[in-house]
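Structural characterization, general
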Amino acid sequence: MSPIHRAPAGLKLGASLAFLGALAALPARCSLWSLWAVPPLCLLTALAGLEFRGLLKRSALAAPFLLGVASLSLFETHGWKTSLGLLAKAVVSLFTLQILASTTPVSELLRTLRRAHVPEVLCGAIGLLSRYSSLLVDEAQRMRRARAGRTLRGSRWHWWRVLGNSLGVLFVRTVSRAERVQLAMRSRGGA
Amino acid sequence: MHIPDGFLSARVALGYGALSAVGVGAACYRLRAQRERGGSALLGVCAAFVFAAQMVNFPIAAGTSGHLVGSALAAALLGLPGALIAMTAVLVLQCFVFADGGVFALGANVFNMGLVSCTVGYCCYRLSCGSSPSPTRRVASVAFAGWCATIAGAASCAGQLSLSGAAPLPIVLPAMLGVHALIGIGEAVISALVVASILRLRPELLEGGADLESRGAASAVYAGLGLALSVAALLAPLGYAAPDGFSRVAAALGLQPSARPPMLAPFLTHGIPGVVSGVLATVLVGCIGTLLLFGSCWLLALVLLPSRRRSTDPDASPVAVESSG
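Since the structure is predicted, the reported quantities are computational estimates derived from the model, not experimental observations. (Residues numbered from 1 in each chain as written. Chains lettered and ligands numbered in written order. Predicted model: local features only at pLDDT ≥ 70, side-chain atom pairs only at ≥ 80, totals over all residues. Heavy atoms only, no water.)

This paragraph deals with the packing of aromatic side chains. Aromatic rings considered in pairs are described by the distance between their centres and by the relative angle of their planes. All told, the structure shown has 2 aromatic pairs over all chains when counted by the stated rule. Centre to centre, the rings of Phe171(A) and Phe49(B) are 5.0 Å apart; their planes meet at 65°, and the pair counts as edge-to-face. Placement of the pair is Phe171(A) in helix α9 (residues 156-187) and Phe49(B) in helix α2 (residues 40-54), with the two residues belonging to separate chains. (Phe/Tyr/Trp six-rings, centres within 6.5 Å; stacked < 30°, edge-to-face > 60°. Helix = DSSP H or I, 4+ residues; strand = E, 2+ residues; numbered from the N terminus.)

Set out below in structure tokens:
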């Protein structure tokens, strides 16, 4: 546990929001200045004991959207300046967000959101979602493995049909699980 | 479609954040009554289902792949407020845990994939479904709703990008719509197949919330009006800043002499007398114009569809059904 991990979630959230807001408010012609934030962010990463490779790997998920939109702005006059600036801003923001995400657990985040008077319906949904998402993703992967084991050969249409079918089965199982969870919560005096 | 931070200007991000906060707050308010009858767990666990379904990648043209957004599917399964809350929860979790989509751009992302996609998906689904749909019609309308929701979300995303000056609208709009027209086909096929298999396994799940849907048409109209107003309010300053787009289209259509809307034009150029001028006046004029347009469409619908109105009258409908049966 580094000092960054132990810092209160509200502080981290507020600081990142303020930084990202300032970054967004930066005028377009000086957006390359945002690159000055890279050394402090690297320092933060080192302090938190995070791996650069992991951060980079997870940031690569956003690369298609980033490059796509940045290449679209090439069509404007002085487009390459705009697109370089956009890329710099986006990469710095992504870096900040990655540090925030990997040092703040969901439970801390939820506590902060509740303190900020976010409606309980939404907070409850986020809490249940964070608890059950890994379970459901596991179940989906198990179903996919079983499907691959049973299917010897199939056409493309067959692939689509089986995919839709297994998602439907997943939904039905999800609903019956939710009913059981609801029953269990209520029998223990919950909502 | 998840917009990362850095692409949206502060004004756009804050504006759409406020709009999304209003929409999500309204959905929470609607759900509070429903929640007292049980079903709080259903929402969270269904949000987890949407999350898991978004993990499914399907191939589209030229080696790229898209993934399910699931807002139309959620709208068909959970109803409009439930779908909105589930999508918001999924987006918040993706943003804070996987850094997918920005924190500062969260409002804009909730607007695109939650408010716009769910509302459009829900309206398309309800309107094409009718009151007592056959299974085939239900599956077909889910597919239609899925495609429309994807396209609508992409259009709204393109609008936000061009409003923040990231890319010009004539380029970003066709690009986004072109890619998402293909992704939307995948979304439509998967949503339809999912609904078909739910219909086979537990059809009563799709009837859920039927008692809530009696007011569905009216609330869909109000949601559409709110959406149109907000788009007008946010897009009007763009027209104010870059009027040459309109005049170019007008010139191409040969409408040069009266290129401006005659009634509202003096307000647009000079501000509303005694109120404000500049951007705020443009926003106000945009809203007033939308309201006028909505009112005239409403009047036209009332005049043109008298029989429809009579049949929804609660006293008259049993007689009509009996006589037709």
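Turning to the interface of chain A and chain B, a few remarks are in order. Taken together, the contact between chain A and chain B spans 61 residues of the former and 72 residues of the latter. Surface buried jointly by chain A and chain B totals about 5,700 Å² across both partners, of which 82% is contributed by carbon and sulfur atoms. Our count for the contact surface shared by chain A and chain B stands at 1 salt bridge. Run the count over chain A and chain B and you get 2 residue pairs in polar contact (both at pLDDT 80 or more). Mapped by element, the contributors of at least two residues to the side of chain A that touches chain B are α2 (9-25), α5 (63-72), α6 (79-103), α7 (106-115), α8 (120-150) and α9 of chain A. No other element matches the 22 residues that α9(A) contributes to the side of chain A that touches chain B. (Contact = heavy atoms within 4.5 Å. Buried area = accessible area lost by both parts, 1.4 Å probe. Salt bridge = Lys/Arg side-chain N within 4 Å of Asp/Glu carboxyl O. Polar contact = N/O pair within 3.5 Å; in protein donor to acceptor, adjacent residues only side chain to side chain.)

So, on to the nonpolar core. If you look at the biggest cluster of nonpolar residues, it comprises 121 residues, and the most contacted ones within it are Leu167(A), Phe7(B), Ile85(B) and Leu161(B). Here this core gathers at least three residues from each of two domains, domain 1 (3-113) and domain 2 (119-187) of chain A. When near neighbours in sequence (up to four residues on either side) are disregarded, Ile85(B) contacts Val121(A), Leu122(A), Ala125(A), Val24(B), Ala27(B), Cys28(B), Leu31(B) and Leu43(B). Core analysis: the second largest hydrophobic core is formed by 7 residues, Ala37(A), Leu55(A), Val92(A) and Ile99(A) among them. (Core = buried A, V, L, I, M, F, W, Y, C linked by side-chain atoms within 4.5 Å. Buried < 20%, exposed > 50% of the residue type's maximum accessible area, 1.4 Å probe, protein only. Domains from an automatic or database assignment.)

Residues and elements named next belong to chain B. Between the first and last C-alpha of helix α6 (residues 135-163) there are 42 Å, a value that for 29 residues agrees with the 42 Å anticipated at 1.5 Å per step. Across the 29 residues that make up α6, a large majority, 21, are buried. Directly after α6, the chain includes Gly165, whose backbone phi takes a positive value near 80°. (Expected span 1.5 Å × (residues − 1).)

We now examine the pattern of salt bridges. Tallied over the entire structure, the rule returns 6 salt bridges over all chains. Between Glu179(A) and Arg202(B) there is a salt bridge; the shortest N-O distance is 3.4 Å. Pair noted here: Glu179(A) is in helix α9 and Arg202(B) is in the loop between α7 (169-201) and α8 (216-241), and the two residues belong to different chains. Of the charged contacts, one joins Glu204(B) and Arg202(B) as a salt bridge, the two residues approaching to 2.9 Å between their closest N and O atoms.

Inspection of the secondary structure puts Ser197(B) in helix α7. Assessed through its relative accessible area of 1%, Ser197(B) is described here as buried. Looking at Ser197(B), its side chain comes within polar contact range of the main-chain oxygen of Val194(B), at 3.0 Å. Every residue in contact with Ser197(B), bar those within four places of it in the chain, is listed here: Gly164(A), Asn165(A), Gly168(A) and Val169(A).

All right, on to the domain arrangement of chain A then. Its domain assignment divides chain A into domain 1 (3-113) and domain 2 (119-187). Measuring from the centre of the C-alpha atoms in domain 1 of chain A to the corresponding centre in domain 2 of chain A gives 32 Å.

Moving on, we get to the confidence of the model for chain B. Residues and elements named next belong to chain B. Confidence in the prediction of chain B, expressed as mean pLDDT, is 73, and 60% of residues score 70 or more. For residues 253-266, every residue scores under 50 in pLDDT, and the model assigns this stretch 11 contacts once sequence neighbours within four places are set aside. Counting contacts from residues 306-325, a segment whose pLDDT is below 50, to residues more than four positions away or on other chains yields 3 contacts. At the level of chain-chain contacts, confidence expressed as ipTM amounts to 0.86, with global pTM at 0.76. (pLDDT = per-residue confidence, 0-100.)

Residues and elements named next belong to chain A. Backbone geometry at His117 places phi at a positive 60°, although glycine is not the residue there. Along the chain, His117 falls in the loop between α7 and α8. For His117, a relative accessible area of 71% puts it in the exposed group.

Looking at chain A as a whole, its pLDDT mean stands at 82, while 96% of the residues score no less than 70. α5(A) is the least confidently modelled element of chain A, averaging 78 in pLDDT, while α7(A) averages 88, the highest of any element.

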